[in-house]
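Single-letter residue listing:
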Amino acid sequence: MGLLDDKVAVVTGAGRGIGREIALCLAGEGARVVVNDIGTSLDGAGLAQDPAAEVCAAIESLGGKAVPSYESVSDFEAAGRIVAQAVDSFGSVDILVNNAGIVRDRTLLKMDEGDYDAVVAVHQKGTFNTTRHAAAHMKEAGYGRIVNITSSAGLRGNFGQTNYGAAKAAIMGMTFVWALELGRYGITVNAVAPSGLTRMTENLFGGEDAPADQDPALNAPLVAFLASEQASYVNGQVLGRTGFAYTIFQTPRQVAAMWRDGGWTPTEVADHFHDVLGQHLQPVGMPAHPLLGKKAD
Ligand SMILES: NC(=O)c1ccc[n+]([C@@H]2O[C@H](COP(=O)([O-])OP(=O)(O)OC[C@H]3O[C@@H](n4cnc5c(N)ncnc54)[C@H](O)[C@@H]3O)[C@@H](O)[C@H]2O)c1
């Protein structure tokens, strides 16, 4: 018995990297999988069918069931065809993992409009496109599991990633909205900020072999759990992976307040800000949690 027996999953960007491992893991847990990938370069240029086809062959060789999809998530109609393929091939769409992505990293002052639009189109619009189509089927079925792949770049900020950070933060926002809207229909929507050595991150390791805890396959078991019936009580959450740890992010919330009946003047804000809200200023960026990776003696 697998965690996902009889379920049908769509995994976008599943031809390589983290998505490939998610597709293999979901299939290993019994799901039939639409392996969607346009086989593009890291910055979104070019198309190839080999990555999605290879992952399907790998799933089939392990006794699973999968079909390739070569449609782009950034096109609304094409995204509809990805979802339709799940229904046509396997009879339903129970699980959607929005994982497809590209990067075009540049600092704000070097980023042109095309770089911004291209990255937002795949991550943010692509996540909307597939979910808009899949959610209609899930509502009708009274069941669904949606896992949106976000990133600490959007949750916390990362140098050189205006476009990517914007899109990944938007994915967090849509996750919260959809958890509220779709939860009523038996559909859960959660976000996962994964990590791992893929072509997207290989320059972080300077050509060296990546440590074992950077294996992109380490993200997949958490996604499989969130995609399962057992995770029915997990909705609207932002989870992550760092090293061998799965983590949960705090939802942004007010941590302090300064009050004045009738409101404030700018000068009054300047006079009081430091002593009240100024005591709670928070760092941006993504330093590791000091305890992560440290095993107690
Ligand atoms: N690698 C990391 O450490 C890391 C960290 C945080 C978040 N992420 C996120 O994880 C996801 C997977 O990243 P990865 O590192 O495996 O990258 P990757 O480049 O190895 O894989 C991404 C895949 O998405 C496909 N793709 C791109 N545009 C597409 C489109 N329009 N339609 C369908 N498929 C498309 C690509 O062809 C590629 O195979 C991305 O959303 C990424 O932002 C990765």
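Here the residue index of a chain counts from 1 through its sequence in written order. At least 70 in pLDDT is required for a residue's local features to be given in this predicted model, at least 80 for side-chain atom pairs to be given and counted, and no such filter applies to totals for whole chains, interfaces and linings, which use all residues. Heavy atoms from the whole structure form the basis of all side-chain values; hydrogens and water molecules are not counted.

Asks: Describe the overall build of the protein, listing the residues and the values that go with them.
Replies: A run of H or I in DSSP becomes a helix once it reaches four residues, and a run of E becomes a strand once it reaches two; helices and strands are each numbered from the N terminus. Across its full length, the protein carries eight helices and eight strands. As defined in this context, the radius of gyration uses C-alpha atoms, and a globule is described by 2.2 Å times the residue total to the power 0.38. For 297 residues, the compact-globule estimate of 2.2 N^0.38 gives 19 Å, and the C-alpha radius of gyration of the protein, at 20 Å, lies within 12% of that figure. C-alpha atoms of the protein, sized along the principal axes, occupy 65 × 50 × 45 Å. The buried share of the protein, reckoned over its 297 residues, is 43%. Contacts are residue-level and defined by heavy atoms, with any inter-residue pair within 4.5 Å sufficient. Once local pairs closer than 6 in sequence are excluded, the contacts in the protein between residues at least 24 apart make up 70%. For the charge count, each Lys or Arg is scored as positive and each Asp or Glu as negative, with His and the chain ends excluded. For the purpose of locating charges, the reference atoms are NZ of Lys, CZ of Arg, CG of Asp and CD of Glu. Counting 22 positive and 32 negative side-chain charges, the protein places the centres of these two groups 3 Å from one another. To sort residues, take the accessible area from a 1.4 Å probe on protein chains only and compare it with the maximum for the residue type: under 20% means buried, over 50% means exposed, and anything in between is partly exposed.

Asks: Explain the packing of aromatic side chains residue by residue, including any values.
Replies: Pairing of aromatic side chains requires ring centres within 6.5 Å, counting the rings of Phe and Tyr and the six-membered ring of Trp. Pairs whose planes differ by under 30 degrees are stacked, by over 60 edge-to-face, and all others tilted. For the structure on display, the rule yields one aromatic pair. We note Arg-260 situated over the ring of Trp-264; from NZ or CZ to the ring centre the distance is 4.9 Å. We call a charge positioned over a ring when the NZ of a Lys or the CZ of an Arg lies within 6 Å of the ring centre and within 35 degrees of the ring normal.

Asks: How would you summarise the sheet that holds strand β6 (residues 187-193) if you had to cite specific residues and measurements?
Replies: In spatial order, the strands read β3-β2-β1-β4-β5-β6-β7-β8; together these eight strands make up an open sheet with mixed pairing. The sheet terminates laterally at β3 (66-69) and β8 (245-248), the two strands that pair on one side only. If you compare each strand with its neighbour and ignore which way they point, the axes differ by 20° on average. Across four bridges, strand β2 (residues 32-36) lies against β3 in parallel orientation. Across the sheet, Asn-36 pairs through a bridge with Ser-69, a residue of β3. By the convention used here, strands pair only if DSSP detects at least 2 bridges between them. Comment: axis = line fitted to C-alpha atoms, over the contacting stretch for helices; angle = value between 0 and 180 degrees taken between N-to-C directions.

Asks: For the site of the ligand, give the residues involved together with the corresponding values.
Replies: By nearness alone, 30 residues border the ligand, and Asp-37, Asn-99, Tyr-164, Thr-198 and Arg-199 come closest of all. We define a polar contact as two N or O atoms separated by no more than 3.5 Å, with the added condition that, inside protein, one atom must be a possible hydrogen donor and the other a possible acceptor, whereas residues neighbouring each other in sequence contribute only through side-chain atom pairs. The separation between an oxygen atom of the ligand and a polar side-chain atom of Asp-37 is 2.6 Å. Here an oxygen atom of the ligand and a backbone polar atom of Asn-99 are 2.7 Å apart. Note on areas: Shrake-Rupley, 1.4 Å probe, and residue coverage restricted to the protein chains presented here. Its free accessible area being 830 Å², the ligand has 97% of it covered by the protein chains. Contributions of two or more residues to the shell around the ligand are made by α1 (17-28), α4 (113-141) and α6 (162-182). Whether a residue is near a molecule or strand depends on its heavy atoms: it is near if one of them lies within 4 Å of it.

Asks: Describe the state of the cysteines, listing the residues and the values that go with them.
Replies: Here, a disulfide means two cysteine sulfur atoms that sit within 2.5 Å of each other. One pass over the full model with this rule turns up zero disulfides. There is no disulfide at Cys-56, and the cysteine sulfur nearest it, in Cys-25, is 16 Å away.

Asks: I'd like a rundown of the side chain of Thr-127, residues and numbers included.
Replies: Residue position: Thr-127 is located in helix α4. For Thr-127, a relative accessible area of 5% translates into the label buried. Residues in contact with Thr-127, not counting those within four places in the same chain, are Asn-98, Val-122, Asn-148, Ile-171, Met-174 and Trp-178.

Asks: Quick one: what's the story with unusual backbone geometry, residue by residue and with numbers?
Replies: At Asp-6, a position not held by glycine, the phi torsion is positive, near 70°. Structurally, Asp-6 is set in the segment before β1 (8-12).

Asks: Residue-level account of the packing of α1 against helix α2 (residues 50-61), with values.
Replies: It is at 10 Å that the axes of α1 and α2 come closest, and there the two elements cross at 25°. With respect to α2, the element α1 is oriented roughly parallel. Two packed elements cross with a definite hand, and for α1 against α2 that hand is right-handed. From α1, Arg-20, Ala-23, Leu-24 and Ala-27 reach across to α2, where they touch Glu-54, Val-55, Ala-58 and Ile-59. When describing relative orientation, an angle under 35 degrees is termed roughly parallel and one over 145 degrees roughly antiparallel, while 65 to 115 degrees is termed roughly perpendicular and anything else oblique. Each helix crossing is assigned a hand: it is left-handed if the near helix lies turned anticlockwise from the far helix by less than a right angle, otherwise right-handed if that turn is clockwise.

Asks: Which residues make up the nonpolar core, and what values go with them?
Replies: Ranked by internal contacts, the top residues of the largest apolar core, which has 33 residues, are Ile-22, Leu-26, Val-33, Val-35, Ile-59 and Val-97. Elements represented by at least two residues in this core include exactly β1, α1, β2, α2, β4 (95-98), β5 (144-149) and α7 (220-226). Per-element tally for this core: the top contributor is α1, with six residues. Not counting residues up to four positions away in its chain, the partners in contact with Val-35 are Val-11, Ala-14, Ala-23, Ala-52, Val-55, Cys-56, Ile-59, Ala-66, Val-67, Pro-68 and Ser-69. What we call a nonpolar core is a set of buried Ala, Val, Leu, Ile, Met, Phe, Trp, Tyr and Cys residues that are connected through their side-chain atoms within 4.5 Å. In terms of nonpolar packing, the next biggest core, distinct from the first, is built from 28 residues, Val-8, Val-83, Ile-146 and Val-189 among them.

Asks: Lay out a nonpolar patch on the surface in plain terms, naming residues and giving numbers.
Replies: Taken together, Val-269, Phe-273 and Leu-281 make up a surface patch of nonpolar side chains, about 260 Å² in accessible area. Within the element layout of this structure, Val-269 appears in helix α8 (residues 266-272). For Val-269, a relative accessible area of 31% corresponds to the partly exposed category. Here, patches come from residues exposed beyond 30% relative accessible area and free of salt bridges, joined within 9 Å for like charges and within 5 Å for nonpolar side chains (Val, Leu, Ile, Met, Phe, Trp, Tyr). Here, a salt bridge means any side-chain nitrogen of Lys or Arg that lies within 4 Å of a carboxyl oxygen of Asp or Glu.

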